[in-house]
Amino acid sequence: MGEAFVAVANDPSAIYWNPAGLASIQTREAAVSHVDWPAEIHYDHATLVLPSRRLGGSLAFQFGVLGTNIDETSETAPFGTGRTFTYSDVVAGMTFARRWTDKLLVGVGAKYLHEDLGTDIGAPAISAMLFDVGSIYYLGLGSVRIATSLSNFGSELKPSGNYVSPYSGEVRTYDGYDPPMVFRYGVAFEPIENATQRLTTSIEMNQPADNQQVLKAGLEWSYRRVFALRTGYNFRADAMKFSTGVGFASQFGSVRGTLDYAFTDGGPLGSIHRLSLGVRL
């Protein structure tokens, strides 16, 4: 849906897009996803959602790993030293969401981030706690809802240790930098919704902390809740403007399984493929 999902957020991936959406999940659900980004960067993520009557909402847990192998270069060997190293991000967190009224859903999450910038060749690492918060509000006009979320709120990220110049021997501390905080807000509704088919429309604005505002829009058409077609567009992107995807769902006894695939045209960056599997118990 072109990542226009803040006001839809109706599956376990809501832990990333808008934690408030987890409050709409009424049964135990688990999902795993894999993304192939350009430059042979891979991202794998798992989410488990556990509704709790005692808590009056849903608890969710997430674990994700992004990683790639990079050829080491230096000032004296700009084409490579012959060594490679691993760059990786690991995130693990917990989120709680609940329906405060018949119209308002709210979610709050905390996550631990560890970023390895190449410790196997002497580079630093970063560890930090980041926080997410989100809301979804149904206006009472059909299925129209508005939503907001703030992701990756926290203190600056600062590499550990010191940098020692290989030429002068000078010792310096690393500079810190702000986390990739993003504020999202949007609206979604279903102009068509009956026993046979449903059409979901969504429009969203993103405001990164360090970049210009982004406008995204998406559509999903589903047939009998077993087959879905999706498309979306990012109006401000230089690349990765157009996305499309397909989803399937099937019932196996008391277990419902889902399979979703998405394709994004990365332009000069190449194609981006995303695959996710879900289970509802």
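The structure displayed is predicted, hence computed values, not measured ones.

Asks: I keep staring at the overall build of the protein chain and nothing clicks. Help me out?
Replies: In terms of helices and strands, the protein chain carries one helix and 16 strands. The globule rule puts the C-alpha radius of gyration for 281 residues at 19 Å, and the 21 Å found for the protein chain is close to it. Based on the C-alpha atoms only, the size of the protein chain along its principal axes is roughly 70 × 40 × 40 Å. Counted over contacts in the protein chain with a minimum sequence separation of 6, partners at least 24 positions apart contribute 45%. A total of about 15400 Å² of accessible surface is found on the protein chain, and carbon and sulfur atoms cover 61% of it. Positive and negative side-chain charges in the protein chain, numbering 22 and 27 respectively, have mean positions lying 14 Å apart.

Asks: How should the environment of Phe-63 be read in this particular structure?
Replies: Locating Phe-63 in the fold gives a position in strand E3 (residues 57-71). With relative accessibility at 44%, the residue Phe-63 sits in the partly exposed group. Remark: the alpha-carbon pair of Phe-63 and Lys-111, spanning 48 residues in sequence, is separated by 9.2 Å.

Asks: Explanation requested: the confidence of the model for the protein chain in the structure shown.
Replies: Detailed reading of the predicted model is not advised wherever pLDDT is low. Scored by pLDDT, the protein chain has a mean of 94; 100% of the residues are at 70 or more. Across the protein chain, the secondary-structure element scoring lowest on mean pLDDT is strand E8 (residues 162-164), at 85, and the one scoring highest is strand E13 (residues 227-234), at 98.

Asks: Any chance you could explain the nonpolar core here in plain terms?
Replies: Nonpolar side chains tend to gather and get buried jointly when the protein is soluble and globular. With 20 residues, the main nonpolar core has Leu-22 and Ile-136 as its most contacted residues. When near neighbours in sequence (up to four residues on either side) are disregarded, Ile-136 contacts Val-6, Ala-9, Asn-18, Ala-20, Gly-21, Lys-103, Leu-104, Leu-105, Arg-145, Ile-146 and Ala-147. One finds Ile-126, Ala-128, Leu-130 and Leu-157 within the second-largest nonpolar core, a separate group that totals five residues.

Asks: Help me understand the pairing of strand E5 (residues 104-116) in this model?
Replies: Here is the key point about a regular strand: its side chains alternate between the two faces of the sheet. Relative to E5, strand E4 (residues 84-99) runs antiparallel, the two sharing 12 bridges. Looking across to E5, one finds that Arg-98 is bridged to Val-106. Between E4 and E5, which follow one another and run antiparallel, lie four residues. Of the pairings in the sheet, the one linking E5 to strand E6 (residues 125-138) comprises 13 bridges and is antiparallel in character. For Lys-111, the partnering residue across the bridge sits in E6 and is Leu-130.

Asks: How do you make sense of unusual backbone geometry when you look at a structure like this?
Replies: Across residues other than glycine, the phi torsion is negative in most instances, and most of the peptide bonds are trans. We note that Asn-152 has phi near 65°; this positive angle belongs to a residue other than glycine. Classification of Asn-152 as buried rests on a relative accessible area of 14%. At Arg-225, a position not held by glycine, the phi torsion is positive, near 60°. Within the element layout of this structure, Arg-225 appears in the loop between strand E12 (214-223) and E13.

Asks: Mind showing me how you'd approach a nonpolar patch on the surface here?
Replies: On the surface, a cluster of nonpolar side chains totalling about 510 Å² of accessible area is made up of Val-32, Phe-248, Leu-259, Tyr-261, Leu-275 and Leu-277. Those elements giving two or more residues to the nonpolar patch turn out to be strand E15 (255-265) and strand E16 (271-280). Tracing the sequence through the fold places Tyr-261 in strand E15.

Asks: In this structure, what is going on with the pattern of salt bridges? I would like to understand it.
Replies: Opposite charge on two side chains permits them to pair, given that their charged atoms come into close proximity. Evaluated as defined, the whole model comprises 12 salt bridges. For the salt bridge of Arg-274 with Glu-3, the shortest nitrogen-to-oxygen distance reads 3.1 Å. With Arg-274 in strand E16 and Glu-3 in the segment before helix H1 (14-17), the pair connects residues that are 271 residues apart, well separated along the chain. On the basis of relative accessibility, which here comes to 27%, the residue Glu-3 falls in the partly exposed class. Between Lys-111 and Asp-132 there is a salt bridge whose closest N-O contact spans 3.1 Å. Of the two residues, Lys-111 is situated in strand E5 and Asp-132 in strand E6; the sequence distance between them amounts to 21 residues. Overall, the relative accessible area of 5% leaves Asp-132 in the buried class. Several salt bridges share partner residues, and in doing so they unite Arg-198, Glu-220, Arg-230 and Asp-260 into one network.

The rules behind these values
For every chain, the first residue of its written sequence is number 1, and the numbers climb from 1 along that sequence. Under the rules for a predicted model, residues below a pLDDT of 70 receive no local features and side-chain atom pairs below 80 are neither given nor counted, while totals for whole chains, interfaces and linings still include all residues. The side-chain quantities take in all heavy atoms of the structure and omit both hydrogens and water. The helix count covers DSSP runs of H or I at least four residues long, the strand count covers runs of E at least two residues long, and both are numbered beginning at the N terminus. Atoms counted for the radius of gyration: C-alpha only. Globule rule: 2.2 Å times the number of residues to the power 0.38. In what follows, residue pairs with any heavy atoms lying within 4.5 Å of each other are defined as contacts. Surface exposure here means Shrake-Rupley accessible area, sampled with a 1.4 Å probe, where a residue is shielded only by the protein chains that are shown. Charged-residue counts in this description rest on Lys and Arg as positive and Asp and Glu as negative, His and the chain ends being excluded. Charged side chains are reduced to one point each, which is NZ for Lys, CZ for Arg, CG for Asp and CD for Glu. Per-residue accessibility, obtained with a 1.4 Å probe over protein chains only, is compared with the maximum for each type, and a residue is labelled buried under 20%, exposed over 50%, and partly exposed between these values. Confidence scores labelled pLDDT are given residue by residue by the predictor and lie between 0 and 100. Note on terminology: a nonpolar core comprises buried Ala, Val, Leu, Ile, Met, Phe, Trp, Tyr and Cys residues joined through side-chain atoms within 4.5 Å. Strand pairing is assigned whenever DSSP detects at least two bridges linking the two strands. Patches in this entry comprise residues that are over 30% relatively accessible and not in a salt bridge; like charges within 9 Å are linked, as are nonpolar side chains (Val, Leu, Ile, Met, Phe, Trp, Tyr) within 5 Å. Salt bridge, as used here, is a side-chain nitrogen of Lys or Arg placed within 4 Å of a carboxyl oxygen of Asp or Glu.

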